[in-house]
Amino acid sequence: LVQEADPKKGGTLEVLRAECPEDLRAAIFDKGWPMTTWHRIEAFQRVSLKTIAEALLLCSPNYEALSKEQMRLYVPGEVQREALAFPKPVVLWASPANAGAAELADELTAKFGRSSLTVSTAEEPCSSDSRASRRRSSVLRRSAPRRAGDATHMLLYLN
């Protein structure tokens, strides 16, 4: 099931369903088939084509016993297969007031390593005897920079 991302060039899922012959609707829309969104941007088109190819192969007799994870199709040059790295060391600031940001920063540090990514959760200098400062003391110990102003990037976690 493929849907055009741009509503001006195609219809919404509801429009597609309405245009589909009634005797085929249940087989197409109610069987739990993976839905692929077709994008007009080349990099996203590759992902859409890969998803379509996987769905077709998984329905064919030679591949139907495999799962999507076992298939592992890839498109040469796709970003998902590239080893991502920062070109120079990054100091990432995650605000203690941004719920989930520190945890995500920890995941990024585990992925990229401490040599290329340092996380700061420090705020601009504040009173050292405040309760918030004491609660953050364990977080601050893992942070090389002690001021938010030392950061080269800011992490905003939207949850």
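All of the points below concern the structure found in this document. (Residues numbered from 1 in each chain as written. Predicted model: local features only at pLDDT ≥ 70, side-chain atom pairs only at ≥ 80, totals over all residues. Heavy atoms only, no water.)

## Focus on the environment of Val-79
Move 1: Relative to the helices and strands, Val-79 is located in the loop between α4 (68-71) and β3 (90-94).
Move 2: Sequence-wise, Val-79 and Ala-43 are 36 residues apart; in three dimensions their C-alpha atoms are separated by 8.7 Å. (Helix = DSSP H or I, 4+ residues; strand = E, 2+ residues; numbered from the N terminus.)

## Digging into the pairing of β3
Move 1: With respect to burial, β3 is a largely interior element, five of its five residues being buried.
Move 2: Judged by which residues are buried, β3 turns out to be covered on both faces: Val-90, Leu-92 and Ala-94 on one side and Val-91 and Trp-93 on the other are all buried.
Move 3: Direction of pairing for β3 relative to strand β4 (residues 117-120): parallel, over a ladder of four bridges. Bridge pairing in β4 places Trp-93 opposite Ser-120.
Move 4: Once the chain exits β3 it traverses helix α5 (residues 101-112) before rejoining the sheet at β4, and the crossover so formed is right-handed.
Move 5: Two strands pair when backbone bridges link them, and β3 and strand β5 (residues 153-155) are joined in this way by three bridges, in the parallel orientation. Residue Leu-92 lies in a different strand from β5, and its bridge partner there is His-153. (Buried < 20%, exposed > 50% of the residue type's maximum accessible area, 1.4 Å probe, protein only. Pairing = 2+ DSSP bridges. Right-handed = clockwise from strand over helix to strand, strands pointing away.)

## Brief notes about the packing of aromatic side chains
Move 1: Counted under the stated rule, the structure contains one aromatic pair.
Move 2: Here the aromatic rings of Phe-86 and Phe-112 are separated by 4.8 Å at their centres, their planes lie at 50 degrees, and the arrangement is tilted. Of this pair, Phe-86 sits in the loop between α4 and β3 while Phe-112 sits in helix α5, and the two are 26 residues apart along the sequence.
Move 3: Looking at Phe-86, the relative accessible area reads 31%, which means it is partly exposed. (Phe/Tyr/Trp six-rings, centres within 6.5 Å; stacked < 30°, edge-to-face > 60°.)

## Details of α5
Move 1: For α5, which comprises twelve residues, the first-to-last C-alpha distance of 16 Å matches the rise-based estimate of 16 Å (1.5 Å per residue) to within 8%.
Move 2: All of the buried residues along α5 are Ala-101, Ala-105 and Thr-109. One face of α5 carries all of its buried residues, which in axial projection span an arc of 80 degrees. More than 90 degrees from the buried face of α5, the exposed residues found are Glu-107, Ala-110 and Lys-111.
Move 3: Buried residues in α5 make contact with β3, β4 and β5.
Move 4: A positive backbone phi angle near 90 degrees is found at Gly-113, which sits one or two residues after α5. (Expected span 1.5 Å × (residues − 1). Arc of directions from axis to C-beta. Contact = heavy atoms within 4.5 Å.)

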